[in-house]
Amino acid sequence: GAAPTAFTFDAHPSSRITGAVTPLINSAADRADLMRRLYGIQDVIVAHFDSMMRMDWRAFVAEYLVQEHGAVHVVAGHDFHFGYKGEGNPQRLEGLCRELGVGCDIIPKVEVAGITVSSTYIRRLVELGQISRANRFLGHPHTLTDTVAHGKKLGGTLGFPTVNLRFQPGVLVPAHGVYATRVTFENGESRPAVTNIGVRPTVDDGDRVTVEGFILDFQGDLYGQTVRMEFYKRLRGERKFPSLEALKDEVMRNAEQTRAYFSTQP
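Procedures and definitions
Residues numbered from 1 in each chain as written. Predicted model: local features only at pLDDT ≥ 70, side-chain atom pairs only at ≥ 80, totals over all residues. Heavy atoms only, no water. Helix = DSSP H or I, 4+ residues; strand = E, 2+ residues; numbered from the N terminus. Buried < 20%, exposed > 50% of the residue type's maximum accessible area, 1.4 Å probe, protein only. Contact = heavy atoms within 4.5 Å. Areas by Shrake-Rupley, 256 points an atom, 1.4 Å probe, with all protein chains shown as cover. Lys, Arg positive; Asp, Glu negative; His and termini not counted. Charge placed at Lys NZ, Arg CZ, Asp CG, Glu CD. Expected span 1.5 Å × (residues − 1). Arc of directions from axis to C-beta. Disulfide = S-S within 2.5 Å. Axes fitted to C-alpha atoms, helices over the stretch in contact; angles between N-to-C directions. Parallel < 35°, antiparallel > 145°, perpendicular 65-115°, else oblique. Left-handed = near helix turned anticlockwise from the far one by under 90°. Nonpolar A, V, L, I, M, F, W, Y, C, P; charged D, E, K, R; others polar. pLDDT = per-residue confidence, 0-100. Pairing = 2+ DSSP bridges. Patch = residues over 30% accessible without salt bridge, like charges linked within 9 Å, V, L, I, M, F, W, Y side chains within 5 Å. Salt bridge = Lys/Arg side-chain N within 4 Å of Asp/Glu carboxyl O.

Visitor: I tried to follow the overall build of the chain on my own but got confused; where do I start?
Guide: The helix and strand tally for the chain stands at 8 helices and 12 strands. With the C-alpha coordinates of the chain rotated into their principal frame, the extents come out at 70 × 40 × 40 Å. Looking at the chain residue by residue over its 266 residues, the buried ones come to 44%. Expressed as a percentage of contacts within the chain between residues at least 6 apart in sequence, the contacts between residues at least 24 apart total 66%. Accessible area for the chain stands at about 13900 Å²; split by element, carbon and sulfur atoms hold 51% of it. Taking the average location of the 30 positive side-chain charges in the chain and that of its 30 negative ones, the two points are 5 Å from each other.

Visitor: Looking at this model, I keep getting lost on helix 8 (residues 244-263). Mind explaining?
Guide: Quick reminder: α-helices carry 3.6 residues per turn. Residues three or four places apart thus point the same way. Its 20 residues give helix 8 an end-to-end C-alpha distance of 28 Å, which sits within 8% of 28 Å, the value for a rise of 1.5 Å per residue. Within helix 8, burial applies to Leu-247, Glu-250, Val-251, Asn-254, Ala-255, Thr-258, Tyr-261 and Phe-262. Seen end-on, helix 8 carries its buried residues on one side only, within an arc spanning 155 degrees. Looking at helix 8, the residues exposed on the side facing more than 90 degrees away from the buried face are Glu-245 and Ser-263.

Visitor: I keep staring at the state of the cysteines and nothing clicks. Help me out?
Guide: Linking two cysteines covalently via their sulfur atoms produces the bond known as a disulfide. A full pass over the atoms with the stated rule returns 0 disulfides. No disulfide involves Cys-97; its sulfur sits 4.3 Å from the nearest other cysteine sulfur, which is in Cys-104. For Cys-97, a relative accessible area of 1% gives the class buried.

Visitor: Sorry, what's going on with helix 2 (residues 28-39) here?
Guide: With 12 residues, helix 2 ought to run about 16 Å at 1.5 Å a step, and its terminal C-alpha atoms sit 16 Å apart, in line with that. Within helix 2, the full set of buried residues consists of Asp-30, Arg-31, Ala-32, Leu-34 and Met-35. Gly-40, located one to two residues past helix 2, shows a positive phi value of around 70 degrees.

Visitor: I keep staring at the packing of helix 3 (residues 57-68) against helix 4 (residues 90-100) and nothing clicks. Help me out?
Guide: Packed helix pairs are characterised by how far apart their axes lie and by the angle those axes make with each other. Orientation of helix 3 relative to helix 4, taken along the N-to-C sense of each, is 45 degrees, at an axis distance of 10 Å. With respect to helix 4, the element helix 3 is oriented oblique. For the pair helix 3 and helix 4, the sense of crossing is right-handed. Contacts between helix 3 and helix 4 pair Trp-57, Arg-58, Val-61, Ala-62 and Val-66 from the former with Arg-92, Leu-93, Leu-96, Cys-97 and Leu-100 from the latter. Per-class residue counts for the contact of helix 3 with helix 4 are 8 nonpolar, no polar and 2 charged.

Visitor: Even after reading the chapter, I still don't get the confidence of the model for the chain, so can you show me in this structure?
Guide: Low pLDDT means the predicted coordinates in that region are not meant to be read closely. When pLDDT is averaged along the chain, the result is 90; 92% of the residues meet or exceed 70. Mean pLDDT across the elements of the chain ranges from a minimum in helix 7 (residues 154-158), with 60, to a maximum in strand 4 (residues 103-107), with 98.

Visitor: Sorry if this is basic, but what is going on with the sheet that holds strand 11 (residues 210-215) here?
Guide: What holds strands together in a sheet is hydrogen bonding between their backbones, with the strands either parallel or antiparallel. Strand order in the open sheet made by the 6 strands is 7-12-9-10-11-8, with antiparallel pairing throughout. The open sheet is flanked by strand 7 (142-147) and strand 8 (162-165), the only strands paired with a single partner. Going from strand to strand, the sheet's axes swing by 30 degrees on average, the running direction of each strand aside. Here 4 bridges tie strand 8 to strand 11, and the two strands are oriented antiparallel to one another. The residue bridging Thr-162 from the neighbouring strand is Phe-214, located in strand 11. With respect to the sheet, helix 2 is in contact with strand 7 and strand 12 (226-237), its orientation differing from that of strand 7 by roughly 120 degrees.

Visitor: What am I meant to see in a nonpolar patch on the surface here?
Guide: The grouping of Val-75, Ile-107 and Val-110 at the surface amounts to a nonpolar patch, some 250 Å² of accessible area in total. If you trace the backbone, Ile-107 turns up in strand 4. Among the residues examined, Ile-107 registers a relative accessible area of 40% and is labelled partly exposed.

Now the structure itself:
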């Protein structure tokens, strides 16, 4: 009768402790959606790290998880550290849960192709644009959800409807380039898209990073809709073309690559 619930922080703890920015793989909202939609999590607790960084590890378990949230069973990873100065660890968690009459599972490390699955490794893959490999370690496509904003209307020039999205501050931006993606609309319908991440040097966007998806086989205006974009494969790096016509030819080639990619996927 318990509700499957996940506990997570709004920011990476090391960003607050060391001051060195560690970007999040997804926004807190995307993380919560992934857990609910794909993994059967019913409730997601997103805690503000600053308010908890000095909490004693015992208080975190006994007072916060058990008393405040009514936890009856706790599941944590093999390298989980928590509480002030990270003094809580899996062994201490198991021992305290026994004392409190709370169930506890510690999940051993998970490996893919002999490499331990970790957020650090996944972040590096995303930074390098190795999205296909990152997805293998994530267990799902890398995801960005955002409300479609107005762009430079370049899609109309090229003959494709476009969605212009942005990564939230503090969220990791994949390596600049062109990706085969799938966009899901508010009504649940989805379409493949050719998506550019970067500064669009051909149309001179300056240093502003944009996410522009050219949606294939679709006609319509998605402005103001909240859409989910899933990244599947990096097709090429970002580069400057001598003209819009040359850019259009390349986007058409990337569109065929994207169609071919999704035609082979289950």
